[in-house]
Amino acid sequence: MKEMHLTNALKKDFPLFQAHPELVYLDNAATSQKPQVVLDALNTYYTTQNANVHRAVYGLAEQSTLAYEGARARIANHLNAASPQELVFVRGATEGLNLLAWSLSQQLLSSGDIILVTEMEHHANLVPWQQAALRMGAELVAIPLLPDATLDMNFLKTLEADGRAQRVKICAVSTVSNAFGTTHPLSQISSWCKNHGISLVVDGAQSVPHGSWDVQELGADFLVFSGHKVYGPMGSGVVWGKEALWDQLPPWQTGGEMISRVTLTSSTWNSLPHKFEAGTPDVAAAVGLAAAMDWMVAFGLKHIQDREAFLSQKARQILQEVEGLTLIGPQNQKHQLVFSFTLEGVHSHDVAQYLDRDHVAIRSGHHCAQPAMRALQLGSTARASLALYNTEEDLHCLGAALQAAREYFL
Ligand SMILES: Cc1ncc(COP(=O)(O)O)c(C=O)c1O
């Protein structure tokens with residue numbers, strides 16, 4: 001097995017796999033490993049460019065500002081954004097969703113309005129909206145789950161029929177469920193939102209890592225994602241939004257850098273995107289994320305999607321062959337990179353712990369989606385999630401380790 005991984009061309013780009021050649025890493029929905037180019041970008045920034053951005057006029061600070069704003073421009077280009085100003089750097093999807101839940105709700109919500117989410121959201125795309133609804137006297141309504149872990153899209157008709165559709169002002173949905181791997185019908189949700197004049201926030205935490213980047217095709221007003229799941233550094237993340245919409249929003253955090261003029265009693269705000277980036281940003285994280293996305297482009301987004309489609313099919317086939325294993329989630333989805341399952345008679349934590357003995361890293365638990373788990377009457381599931389560096393061998397190791405776990409616990 002060791003040789004297999006060392007001869008894997010892609011894994012060679014990732015120092016962690018050289019430090020742990022035996023590792024079968026299948027917890028990519030939680031975070032991905034980092035290629036050497038990202039580590040090099042961080043190192044180069046800190047060893048040759050580190051200074052605070054925007055404020056100083058000396059050469060080093062200008063270099064640091066250029067690195068930071070250059071990263072923003074490259075990422076904007078990768079996302080096909082209209083301009084770099086449309087991108088606000090945040091620490092990750094959680095921070096980005098908190099930003100939007102605060103600023104959008106201040107701007108758009110009055111008492112009695114509705115925020116629409118789905119029952120399948122990660123807590124990061126649920127709790128901030130719950131809190132926003134409480135603050136603004138609004139109501140949080142969720143599109144329910146069907147037993148196959150897809151969304152009950154007929155619910156939108158129910159909202160129209162009972163008149164609630166007119167009260168929906170914000171809709172916040174993920175592209176792909178981190179708990180079950182379900183790809184949501186985003187174009188249908190987007191059209192519905194457009195028809196009803198609703199602002200659409202998309203949590204792309206589980207689709208951006210797989211190369212779904214084009215914000216012009218997305219049909220949303222805002223897109224949020226975490227850089228650490230896109231082969232970038234921890235502490236990196238992006239909120240993209242249309243400039244005209246950003247312009248109307250009040251700032252979230254306040255302090256240095258986001259202001260234009262300050263008196264003792266009032267302040268005016270800086271231009272975009274600085275209005276939403278209070279204080280010293282994580283410059284290295286932005287630089288590292290740009291390097292990660294450049295690396296994906298160099299590898300080829302189409303190539304990534306083809307490779308992952310192959311892995312997706314293999315994974316389903318191998319998991320289906322494990323005795324006593326039940327896959328939770330859509331049964332016919334072609335491109336699926338998150339597989340949630342139960343193993344008859346074995347608690348998912350025991351499954352994950354047993355697999356760890358074979359150096360197979362998977363996740364177990366509620367996957368930060370407690371309402372979704374409750375809707376399907378599940379306490380916890382085991383979850384294997386794939387990334388482009390995974391191999392067919394990784395999946396065979398997973399299958400063999402699961403079979404062994406089943407035999408051990410029975
Ligand atoms: C769908 C989804 N949204 C949001 C998040 C939160 O991301 P982070 O913890 O990087 O802020 C996650 C993390 O797993 C996720 O899967």
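Everything numeric in this text was worked out from a predicted model, so none of it was measured.

**Brief notes about the pairing of strand 5 (residues 168-174)**
Phase 1: Taken across its seven residues, strand 5 has seven buried, putting it largely inside the fold.
Phase 2: Here strand 3 (residues 114-118) pairs with strand 5 via three bridges, running parallel. Looking at the pairing, isoleucine 115 lines up with isoleucine 170 of strand 5.
Phase 3: Judged from the five bridges that link them, strand 5 and strand 6 (residues 199-203) form a sheet pairing that is parallel. From the neighbouring strand, alanine 172 faces strand 6, where its bridge partner is valine 201.
Phase 4: In terms of handedness, the path from strand 5 via helix 8 (residues 186-195) over to strand 6 forms a crossover that is right-handed.

**Section: the packing of helix 4 (residues 59-78) against helix 11 (residues 283-299)**
Phase 1: As a packed pair, helix 4 and helix 11 sit with axes 9 Å apart at the nearest point and diverge in direction by 40°. Overall, the two elements helix 4 and helix 11 adopt an arrangement that is oblique. Note that helix 4 runs across helix 11; the crossing there is left-handed. Residues Ser64, Ala67, Tyr68, Ala71, Arg72, Arg74, Ile75 and His78 of helix 4 lie in contact with helix 11, whose contacting residues are Val283, Ala286, Val287, Leu289, Ala290, Met293, Asp294 and Val297.
Phase 2: Residue composition of the contact of helix 4 with helix 11, grouped by class: eleven nonpolar, two polar and three charged.

**Points about the site of the ligand**
Phase 1: The immediate surroundings of the ligand are formed by 14 residues, with Gly92, Thr94, Asn178, Ala205 and Ser226 found nearest.
Phase 2: Considering only residue class, the shell around the ligand consists of five nonpolar, eight polar and one charged.

**Considerations on the domain arrangement of the chain**
Phase 1: The assigned domain composition of the chain is domain 1 (2-30 + 300-409) and domain 2 (41-297).
Phase 2: Taking only C-alpha atoms into account, the centre of domain 1 sits 28 Å from that of domain 2.
Phase 3: Taken together, the elements giving at least two residues each to the side of domain 1 that touches domain 2 come down to helix 12 (301-320), strand 12 (338-343) and helix 14 (370-375).

**Description of the environment of alanine 61**
Phase 1: Here alanine 61 is to be found in helix 4.
Phase 2: Taking the C-beta count within 10 Å as the criterion, alanine 61 has 17 such neighbours and is therefore assigned partly exposed.
Phase 3: Separated by ten residues in the primary sequence, alanine 61 and alanine 51 place their C-alpha atoms 5.1 Å from one another.
Phase 4: Every residue in contact with alanine 61, bar those within four places of it in the chain, is listed here: Ala51, Asn52, Val53, Arg55 and Ala56.

**Brief notes about the sheet that holds strand 15 (residues 381-385)**
Phase 1: The sheet built from four strands is open, its strands ordered 11-12-15-14 with antiparallel pairing. Of all strands in the sheet, those bounded by a partner on one side alone are strand 11 (325-328) and strand 14 (363-365). Strand after strand, the sheet turns through a mean of 35° between neighbouring axes, direction not considered.
Phase 2: Of the strand pairs in this sheet, strand 14 and strand 15 are connected by three bridges, and their pairing is antiparallel. Along strand 15, the bridge assignment pairs serine 364 with alanine 382.
Phase 3: Lying on the sheet, helix 13 (residues 348-357) is in contact with strand 12, strand 14 and strand 15; it crosses strand 14 at an angle near 160°.

Cut-offs applied
Residues numbered from 1 in each chain as written. Predicted model: local features only at pLDDT ≥ 70, side-chain atom pairs only at ≥ 80, totals over all residues. Buried ≥ 20, exposed ≤ 12 C-beta atoms within 10 Å, placed from the backbone. Helix = DSSP H or I, 4+ residues; strand = E, 2+ residues; numbered from the N terminus. Pairing = 2+ DSSP bridges. Right-handed = clockwise from strand over helix to strand, strands pointing away. Axes fitted to C-alpha atoms, helices over the stretch in contact; angles between N-to-C directions. Parallel < 35°, antiparallel > 145°, perpendicular 65-115°, else oblique. Left-handed = near helix turned anticlockwise from the far one by under 90°. Contact = placed C-beta atoms within 7 Å. Nonpolar A, V, L, I, M, F, W, Y, C, P; charged D, E, K, R; others polar. Near = placed C-beta within 6 Å. Domains from an automatic or database assignment.

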